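Working through the structure, step by step
One-letter residues, chain by chain:
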Amino acid sequence: MHNFSPLISALESAPLAANELCRIFHGRGHSVEHLSHLNLDFYPPSLFLVSYEEIDDDTLKVLTDQVWQWAQQHAPDQVTAMVYQQRAGLQTQNKLVQGILPEPHTVKEGAVEFIVDLMSRQNTGIFPDMRSGREFVSNNSQNAKVLNLFSYTCGFSVSAMQGGADSVINMDMNKGVLRTGKQNHQLNGFERGVSFLPHDILKSFGKLKKAAPFDLIIVDPPSFQKGSFILTKDYQKVLRRLPELLNSNTQLLLCANSPELSESAFKALIAEHTHDAIEFVERLAPTAGFIEIDSDRSLKALIYKTSEK
């Protein structure tokens, strides 16, 4: 019989009443080995269950029934829908298991809101594990000129504006995600001082150099984007150009979400390709709910600043 009790226990201690985006069960952190293929998130008012392995129909029914039964008994006002995403194999499949999703679907995180889509693609529009990064950005953006590279749906930019940034440049070659990014800014009332550049970052440093220097730079690339960016091969190309964009006290948030790249290897890569123009400050603590057995395999969000040498 399948033992899903650790996942149900995580539901019992989850902050569902806050009605904010959060990770409930982080199986991918390998703290419960037999459930390491499962994650469970809360995108109010929906639970979002993800499996990185194929689950047979009977097992899936047992799991989703247990989760839904718990939600109906203990949090019926907060949880009114449930989506299952199968991420094994070539095709990601999303299926509405229970309830009805709001349209449009927005979720809160602190003082800001984001548009999400749990049904039509692999990524939902916001990454729950990067909340600590967004909080850092919000806390370090007062009157700042901010550059957000690989901006996706511009979560960092919304956080920067919330923190009092003067301006943010968002750059991502995907026009679709930038459109959502623009909507995220409108949703939060940030219309001025934000620009959206649909360019290939590796080919657009001339534009960025003209706009430099920046007070805060965020680099959060995908691990792998077919035909455009491979983290282990292309990150160094970005790092090499960063020194051209700095002032004397620029802060940088440099992120890597690749299990193959350890923290020490990431730091070595940064030192080598920025030629010590920046110095390490700290690694951000994981977002609440993201319990990791091996921190080298988990998300690495490192803070740097312009070197004083």
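Our subject is the structure listed above.
What comes next concerns the included structure. (Residues numbered from 1 in each chain as written. Predicted model: local features only at pLDDT ≥ 70, side-chain atom pairs only at ≥ 80, totals over all residues. Heavy atoms only, no water.)

Focus: the sheet that holds strand E1 (residues 22–26)
This is how the line gets drawn: Strand pairing is defined by DSSP finding a minimum of two bridges between the two strands. Numbered from the N terminus, helices here are DSSP runs of H or I no shorter than four residues, and strands are runs of E no shorter than two. For helices, the fitted line uses only the C-alpha atoms of the stretch in contact; every axis is such a line through C-alpha atoms, and the angle between N-to-C directions lies from 0 to 180 degrees.
Strand order in the open sheet made by the five strands is E1-E2-E3-E4-E5, with mixed pairing throughout. Looking at strand neighbours, the two that pair on one side only are E1 and strand E5 (93–99), the edges of this open sheet. Each strand axis lies, on average, 20° off the axis of its neighbour in the sheet, ignoring direction. Looking at chain direction, E1 and strand E2 (residues 38–43) are connected through four bridges and run antiparallel.

Brief notes about the packing of aromatic side chains
Going by this rule: The criterion for an aromatic pair is that two Phe, Tyr or Trp rings (for Trp, the six-membered ring) have centres within 6.5 Å, with stacked assigned to planes under 30 degrees apart, edge-to-face to planes over 60 apart and tilted to the rest. Only protein chains enter the calculation, and the probe is 1.4 Å; a residue is then buried if its accessible area is under 20% of its type maximum, exposed if over 50%, and partly exposed in between. By definition, being over a ring means that NZ of Lys or CZ of Arg is both within 6 Å of the ring centre and within 35 degrees of the ring normal.
According to the stated counting rule, one finds four aromatic pairs in the structure shown. Where tyrosine 43 meets phenylalanine 48, the ring centres are 5.5 Å apart and the plane angle is 80°; that geometry is what we call edge-to-face. The residues tyrosine 43 and phenylalanine 48 share a single accessibility class, namely buried. Arranged with centres 5.2 Å apart and planes meeting at 35°, the rings of phenylalanine 127 and tyrosine 152 form a pair that is tilted. Highlighted residues: phenylalanine 127 in the loop between strand E7 (112–116) and helix H3 (131–139) and tyrosine 152 in the loop between strand E8 (145–149) and helix H4 (155–162), separated in sequence by 25 residues. Among the residues examined, tyrosine 152 registers a relative accessible area of 19% and is labelled buried. In this structure, arginine 28 is placed above the aromatic ring of tyrosine 52, and the distance from its NZ or CZ to the ring centre is 3.8 Å. The lysine or arginine in question, lysine 145, covers the ring of phenylalanine 214, its NZ or CZ lying 5.5 Å from the ring centre.

So, the sheet that holds strand E9 (residues 167–171)
The strands that make up a sheet are held in pairs by hydrogen bonds between backbone atoms, and each pair lies either parallel or antiparallel. As a reminder, the rule being used: By definition, residues are in contact when any of their heavy atoms lie within 4.5 Å.
Pairing in this open sheet of seven strands is mixed, and the strands run E10-E9-E8-E11-E14-E16-E15 from one edge to the other. With partners counted over all chains shown, the strands left at the sheet margins are strand E10 (194–197) and strand E15 (278–283), one partner each. When the angles between neighbouring strand axes are averaged without regard to direction, this sheet yields 20°. Inspection of the sheet shows E9 paired to E10 by four bridges, in the parallel sense. Across the sheet, methionine 171 pairs through a bridge with leucine 197, a residue of E10. In the packing of helix H8 (residues 263–274) onto the sheet, the strands contacted are strand E14 (246–256), E15 and strand E16 (300–306), and the crossing angle to E16 comes to about 30°.

What to know about the environment of phenylalanine 127
Its relative accessible area of 34% is what places phenylalanine 127 among the partly exposed residues. Not counting residues up to four positions away in its chain, the partners in contact with phenylalanine 127 are Arg134 and Tyr152.

Re the pairing of strand E4 (residues 81–86)
Defined as follows: A crossover counts as right-handed when, viewed with the strands pointing away from the observer, the path leading from the first strand over the helix to the second turns clockwise.
The buried fraction of E4 amounts to six of the six residues, a majority that puts the element mostly inside the structure. Every second residue of E4 is oriented toward a common face, with Ala81, Val83 and Gln85 on one face and Met82, Tyr84 and Gln86 on the other, all of them buried. In this structure, strand E3 (residues 46–51) lies alongside E4, joined through six bridges in parallel fashion. Residue pairing across strands places phenylalanine 48 opposite valine 83, the latter belonging to E4. For the segment spanning E3, helix H2 (residues 57–74) and E4, crossover handedness is right-handed. Bridge analysis of E4 against E5 gives six bridges, and the strand direction is antiparallel. Bridged to valine 83 within E5 is leucine 96. Once E4 ends, the chain turns through six residues before running back antiparallel as E5, passing glycine 89 with a positive phi of about 75°.

A closer look at unusual backbone geometry
The amide bond that connects proline 44 to the next residue, proline 45, takes the cis arrangement and shows omega of 5°. Along the chain, proline 45 falls in the loop between E2 and E3. Note the cis peptide between glutamate 103 and proline 104, where omega equals 0°. By the element assignment, proline 104 lies in the loop between E5 and strand E6 (105–109). One non-glycine residue with positive phi stands out, namely phenylalanine 150, at about 55°.

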